[in-house]
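Geometric and topological summary
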Amino acid sequence: MLNKVPEVTIWFWVIKILCTTVGESFADWINMKLGVGLVNTAWIFTAVFVVVLAIQMRLKRYVPFPYWLTVVVVSVTGTLYTDILTDQLNVPLWISSAVFSVLLAVVFGVWWLRERTLSIHSVTTLPRESFYWLAVLVTFALGTATGDWTLELTGWSPGASVMLPLGLIAAITLLWKFGANPVLSFWLAYILTRPLGANIGDWLASPKVAQPGEPTGLALGTFTTSLIFLGLILATVVYLTVTRSDVTETYEAAHATDATGDLRKERVGLAGFGLLAVATMSLLTWAHSQPHTGPAPEADNTSAVQMAPGQAVKKFPPAKVAALKNLASTSLKDARSLGNAKGAHTAAQSLRDLWDADQASLQPLDNTGWTSIDAQMDKVLGTFGIDHSNPPMPPAQQEKELNALLTDMG
């Protein structure tokens, strides 16, 4: 086979960041806006990943469209795996970061022992390509974990968070220009493009005004952001397909071969990477010590699909539905009385306790209906600051969500 990976030009990094951004935004749109849910979205993209990867690996040379389509899909898939660990299995982000770091080290170690090279300029056999895509998948999962962990530690907004990976990539580029090991430089930058692209996507899609702990941005929305970046990706891929400027053989024919690396400079570059890591940890430690509000946890909005009033509880025992409606009505009545905020909060908490206690008996009767009510229940609890980090919202917002819950329950 000819080399199956494009030459690392400026176009490589531009389209890599575009793919990462659209991967983040498109996954959020399917998961939250369409109500497919985190786990279901992960299953869908895992299946798509298997298909596109099979097509990519059957090719005998690098072809821009299937290659970058695979990158988009693997970016979504790796991100979803980390999100499931965090949001579904409650695995702390520092543990996910450590596990994926070790896993990536194992992948590189086995790759090196078998092939004696980690260079992407020689991905010319099936085993090397297999190691390459496995490493790419893990880098996306690792980039997701470390990026989210950074937001958790610092409380920075997506816009401000862009600066850290961008600065680190710039520093790595300078060290590479100086003479640092090119393979190590490449993979470090590759990992960092994931939090960079994701933060850009979150910044563009997030509303301009949000509750404490929620991201703010330019309010383009996940769908619009996805369309914009998909268009940019398509235009770039068309350009690369026509010019073939990123095909290794074409690039090498037009550029002089790089001289053999300087071992002394590589050691200095390695020390530079160590200093960069220490400086980054010091910055994060300082930011963590400053007063801040951490990001709100992402919810699995499987139930965002609207159901007709009463349809969600149709299969539930009427007595249990009546008890839930009674508590919701009590909380609504007290919320309308500005002098009885405590009573509204107490009723909402009792509503939460009863709903949680009934989960084991209600969810098996109708999982779709249960998840629909559960999503609206979570919105109600959010307005009271119950199980959420934000302070209680104004009574009008509480009334709105309680009325929506009562409408859903018929």
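Here the structure is a predicted model, which means the values were calculated and not measured.

**A word on the pattern of salt bridges**
Within the structure shown, the criterion is met by 5 salt bridges. Put simply, Glu129 and Lys4 hold a salt bridge, and the shortest N to O gap is 2.8 Å. Taken together, the residues Glu129 in helix 5 (residues 126–154) and Lys4 in the segment before helix 1 (10–33) connect sequence positions 125 residues apart. The buried category is assigned to Glu129, whose relative accessible area is 1%. Across the pair Asp353 and Arg352 runs a salt bridge, and its minimum N-O distance is 2.7 Å. Linked through salt bridges whose partners overlap, the residues forming this network are Arg114, Glu115 and Arg128.

**A few points about the side chain of Lys16**
Relative to the elements of secondary structure, Lys16 occurs in helix 1. By relative accessible area, Lys16 is classed as buried at 0%. Once residues lying within four places of it in the same chain are set aside, the contact partners of Lys16 are Trp68, Val71, Phe140, Tyr190, Thr193 and Arg194.

**Focus: the nonpolar core**
The nonpolar side chains of a soluble globular protein tend to be buried, and buried together. Residues Tyr67, Trp68, Tyr132 and Trp187 are the most contacted members of the largest nonpolar core, which totals 54 residues. Elements with a contribution of two residues or more to this core: helix 1, helix 2 (38–58), helix 3 (64–88), helix 4 (93–115), helix 5, helix 8 (182–205) and helix 9 (222–243). A total of 11 residues in this core trace back to one element, the largest contributor, which is helix 5. Among all residues touching Tyr67, those that are not within four sequence positions of it are Lys4, Val5, Pro6, Phe12, Gln56, Tyr62, Tyr132 and Trp133. Counting 25 residues, the second largest nonpolar core, distinct from the first, contains Ala312, Leu351, Trp355 and Leu402.

**A word on unusual backbone geometry**
A positive phi angle, near 60°, is found at Arg116, a position not held by glycine. Take Arg116: it is sitting in the loop between helix 4 and helix 5. The backbone of Ala219 shows a phi angle near 65°, a positive value even though the residue is not glycine. For Ala219, a relative accessible area of 41% puts it in the partly exposed group.

**Some words on the packing of helix 12 (residues 318–336) against helix 13 (residues 341–362)**
The N-to-C vectors of helix 12 and helix 13 enclose an angle of 160°; their axes lie 8 Å apart at closest approach. With respect to their mutual orientation, helix 12 and helix 13 come out roughly antiparallel. Between helix 12 and helix 13 lies a crossing whose hand is left-handed. Packed against helix 12, whose contacting residues are Lys320, Ala323, Leu324, Leu327, Ala328, Thr330, Ser331, Asp334 and Ala335, the element helix 13 presents Gly343, Ala344, Ala347, Ala348, Ser350, Leu351, Leu354, Trp355, Asp358, Ser361 and Leu362 at the interface.

**So, the packing of helix 5 against helix 8**
Each packed pair of helices is defined by two parameters, the angle between the axes and the distance between the axes. It is the contact of helix 5 with helix 8, at a shortest axis distance of 8 Å, that shows an interaxial angle of 50°. The angle between helix 5 and helix 8 falls in the class oblique. For the element pair helix 5 and helix 8, the recorded crossing hand is right-handed. Contacts between helix 5 and helix 8 involve Tyr132, Ala135, Val136, Thr139, Phe140, Leu142, Gly143, Thr144, Gly147 and Leu151 from the first element and Trp187, Tyr190, Ile191, Arg194, Pro195 and Asn199 from the second. The class makeup of the residues in the contact of helix 5 with helix 8 is 10 nonpolar, 5 polar and 1 charged.

**Quick notes on the packing of aromatic side chains**
Scanning the entire structure with this criterion turns up 20 aromatic pairs. Each ring, one from Phe12 and one from Tyr190, has its centre 6.3 Å from the other, and the planes form 45°; the classification is tilted. Highlighted residues: Phe12 in helix 1 and Tyr190 in helix 8, separated in sequence by 178 residues. Tyr190 carries the same exposure label as Phe12, and that label is buried. Pairing Phe186 with Tyr190 gives two aromatic rings, centres 5.4 Å apart and planes at 45°, and the pair type is tilted. On the criterion of helical spacing, the pair formed by Phe186 and Tyr190 is a turn pair, its members being 4 residues apart in helix 8. Of the two residues, Phe186 and Tyr190, both sit in the buried class.

Thresholds, definitions, all that
- Residues numbered from 1 in each chain as written.
- Predicted model: local features only at pLDDT ≥ 70, side-chain atom pairs only at ≥ 80, totals over all residues.
- Heavy atoms only, no water.
- Salt bridge = Lys/Arg side-chain N within 4 Å of Asp/Glu carboxyl O.
- Helix = DSSP H or I, 4+ residues; strand = E, 2+ residues; numbered from the N terminus.
- Buried < 20%, exposed > 50% of the residue type's maximum accessible area, 1.4 Å probe, protein only.
- Contact = heavy atoms within 4.5 Å.
- Core = buried A, V, L, I, M, F, W, Y, C linked by side-chain atoms within 4.5 Å.
- Axes fitted to C-alpha atoms, helices over the stretch in contact; angles between N-to-C directions.
- Parallel < 35°, antiparallel > 145°, perpendicular 65-115°, else oblique.
- Left-handed = near helix turned anticlockwise from the far one by under 90°.
- Nonpolar A, V, L, I, M, F, W, Y, C, P; charged D, E, K, R; others polar.
- Phe/Tyr/Trp six-rings, centres within 6.5 Å; stacked < 30°, edge-to-face > 60°.

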